[in-house]
Amino acid sequence: MPVDVDCLVIGGGAAGVAAALEASRHGLEVMLVDERKELRAASGLGGHVTVLRSSIAWGMFPDRLVSVVTPGDSLDLAPKATIIAAGAHDRLLPFAGWEHSSVLTADEALDAARMLSARLRWIVAGIGEQGLVLARTLAEGGHDVTYADASGGVPGSSDGVERLAGYLIADVRGRDRIESVALTDAGGRTEERYADAVCVAYARAPRSELAWLARCEMEHRPDLGGAVPRRRDGVRTSVDGVFVAGDAAGLGRPETAALEGQLAGAMAAEQVAGVASARTRSRALREQVEAARSADAAALRDWIGLMWGLEERYVRAAMERRDVLLCRCELVPGPAVRNAFDDLASAPGDVKRATRAGMGECQGQHCRSLIARAAAVRTGRPVAFDQPLSYRPPVRPITLAQLIGDGR
């Protein structure tokens, strides 16, 4: 039988923790689900919040039923209000060798650097100051780091990081291990570097899978990072009782995510329990959220513009090279996707059926946007998500043992 919950919060980042705290302050019993083992921010949530760590919300079903796996159990939850605060995920862009196991996203690189005691040679490919912060973090951990800054900037070395201004990754060479990385700039100059690992920090996207499964109305918002739920009153979706806050609704600063989490928690309390104080609180928070989102748009405009420009550049190049994959899980080369669009496909779903692109373990996390971009390039239509690669549960890879609640 489904477990009744006043308010379910999915995600324990800035938005999720703020939402759980706000909803519990207004008297709701809250369950917070997060994939991480450690969630330091959850320590001050109080007794009205049950925190499920190392747990995955893997599907949303009719009547707002949510399925969750925990380390020892599989749960079906029936929340009166659901707040999706799943954050954003890093995306890789396609080049020769991007399928190598040592080509990592920003989050994966930080996790690997924390676990490894060996000193590694890293190539970090990113955009502007955000990528530079990541490169410096790796250097502070004792690693040798070269930062290829797609936005340009000032070349040179500082804080243990060699900065190559205006360079992009062209190829990663090596089979069992990375042997070298070729970097090129707009003038055609090439730099070759030896490396043990490559971190690609070009692109991020909102985690919108659960909003799709909840059947929220969606829209493609390049300024927010891609496909996001259509919202009103700041965080309210088209599905009654489902709210989306933070990066899951559009890329932004942590401060904005926290404000949206508070607003979602207040609105959930207002809907579930009719709390008058929550109604007053939500009105004040809506104005703050609107101002914060406007500030985010100005701060992120250049970075997001470069991100989409790089995506198109890499996808166009991939469709002309048989040695570049557009789906690294299913090993689908770029020309196969190009030919599928040219021969018979009119939408990303057609390409998926023809080539298996998007059917792999990552659930389309990396290739979904790439296939949509390829569709735009080959058909001449703008990128849109009215016919995306389909979303199906589970939205994260889970084992059969997890699904049946076998904690062994």
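Taken as a whole, the protein chain shows an average pLDDT of 91; of its residues, 97% reach a score of 70 or greater. Looking across the protein chain, the model is least confident in helix α10 (residues 400-403), with a mean pLDDT of 74, and most confident in strand β20 (residues 242-244), with 98.

By secondary structure assignment, the location of glutamate 140 is in helix α3 (residues 128-140). Relative accessible area serves as the criterion here: at 67%, glutamate 140 is assigned to the exposed category. Residues glutamate 140 and arginine 121, 19 residues apart in the sequence, show an inter-C-alpha distance of 13 Å.

Turning next to unusual backbone geometry. The omega torsion across proline 393 and proline 394 is 0°, close enough to zero to call that bond cis. Locating proline 394 in the fold gives a position in the loop between α9 (367-379) and α10. The phi angle at aspartate 159 is positive, at roughly 55°, despite the residue not being glycine. Despite not being glycine, leucine 331 has its phi angle at roughly 55°, a positive value. The exposed category is assigned to leucine 331, whose relative accessible area is 57%.

Moving on, we get to the pattern of salt bridges. For the structure shown, the criterion picks out 37 salt bridges. A salt bridge links glutamate 129 to arginine 163, with the nearest nitrogen and oxygen atoms 4.0 Å apart. With glutamate 129 in helix α3 and arginine 163 in strand β12 (residues 161-165), this pair connects stretches of sequence that are 34 residues apart. Given the relative accessible area of 49%, glutamate 129 is considered partly exposed. In this structure, the salt-bridge partner of glutamate 219 is arginine 221, at a minimum N-O distance of 3.8 Å. The class for arginine 221 is partly exposed, based on a relative accessible area of 29%.

Before going further, it helps to spend a moment on the nonpolar core. Grouped together as the largest cluster of nonpolar side chains are 53 residues, with contacts concentrated most on Ile169, Val181, Val198, Tyr202 and Ile371. Counting residues per element, the ones that place at least two in this core are β9 (121-126), β13 (167-173), β14 (180-185), β16 (197-201), α6 (276-318), β21 (325-327), α7 (334-343) and α9. Excluding anything up to four places from it in sequence, valine 181 contacts Ile123, Ile169, Asp171, Val172, Glu191, Glu192, Arg193, Ala195 and Val198. Ranked by size, the runner-up nonpolar core spans 31 residues in total, among them Leu28, Val30, Leu39 and Leu45.

A few words now on empty space enclosed by the protein. Scanning the entire structure with this criterion turns up 2 cavities of 30 Å³ or more. If you add up the space inside the largest cavity, you get close to 210 Å³. For the largest cavity, the lining is made up of 18 residues, of which His89, Ala205, Pro206, Arg368 and Tyr391 are closest to its centre. Secondary-structure elements contributing two or more residues to the lining of the largest cavity are β7 (88-91), β17 (203-206), β19 (226-229) and α9.

Reported here for the second largest pocket is a volume of approximately 380 Å³. Along its surface, the second largest pocket is lined by 21 residues, and Arg221, Leu224, Arg231, Glu260 and Arg293 are the ones closest to its centre. When contributions to the lining of the second largest pocket are tallied by element, the ones reaching two or more residues are β18 (218-221), β19 and α6. Top element by residues in the lining of the second largest pocket is α6. It accounts for 8 residues. Of the residues in the lining of the second largest pocket, the class split is 8 nonpolar, 2 polar and 11 charged.

So, on to the pairing of β19. Judged from the 4 bridges that link them, β18 and β19 form a sheet pairing that is antiparallel. Of the residues in β19, the one forming a bridge with glutamate 219 is valine 228. From the end of β18 to the start of β19, which pair antiparallel, there are 4 residues, and glycine 225 there has a positive phi angle of about 110°.

Applying the stated rule across the entire model yields 4 aromatic pairs. Here the aromatic rings of tryptophan 58 and phenylalanine 61 are separated by 5.8 Å at their centres, their planes lie at 75°, and the arrangement is edge-to-face. Overall, the relative accessible area of 27% leaves phenylalanine 61 in the partly exposed class. Relative to tyrosine 314, the ring of phenylalanine 95 has its centre 6.1 Å away and its plane inclined at 55°; by these criteria the two rings are tilted. With phenylalanine 95 in the loop between β7 and β8 (103-105) and tyrosine 314 in helix α6, the pair connects residues that are 219 residues apart, well separated along the chain.

How each quantity is defined
- Residues numbered from 1 in each chain as written.
- Predicted model: local features only at pLDDT ≥ 70, side-chain atom pairs only at ≥ 80, totals over all residues.
- Heavy atoms only, no water.
- pLDDT = per-residue confidence, 0-100.
- Helix = DSSP H or I, 4+ residues; strand = E, 2+ residues; numbered from the N terminus.
- Buried < 20%, exposed > 50% of the residue type's maximum accessible area, 1.4 Å probe, protein only.
- Salt bridge = Lys/Arg side-chain N within 4 Å of Asp/Glu carboxyl O.
- Core = buried A, V, L, I, M, F, W, Y, C linked by side-chain atoms within 4.5 Å.
- Contact = heavy atoms within 4.5 Å.
- 1 Å grid on protein atoms, 1.4 Å probe; cavity = no way out; pocket = protein on both sides within 12 Å on 5 of 7 lines; lining within 4 Å.
- Points joined across faces, edges and corners; volume = space filled by probe spheres on them.
- Nonpolar A, V, L, I, M, F, W, Y, C, P; charged D, E, K, R; others polar.
- Pairing = 2+ DSSP bridges.
- Phe/Tyr/Trp six-rings, centres within 6.5 Å; stacked < 30°, edge-to-face > 60°.

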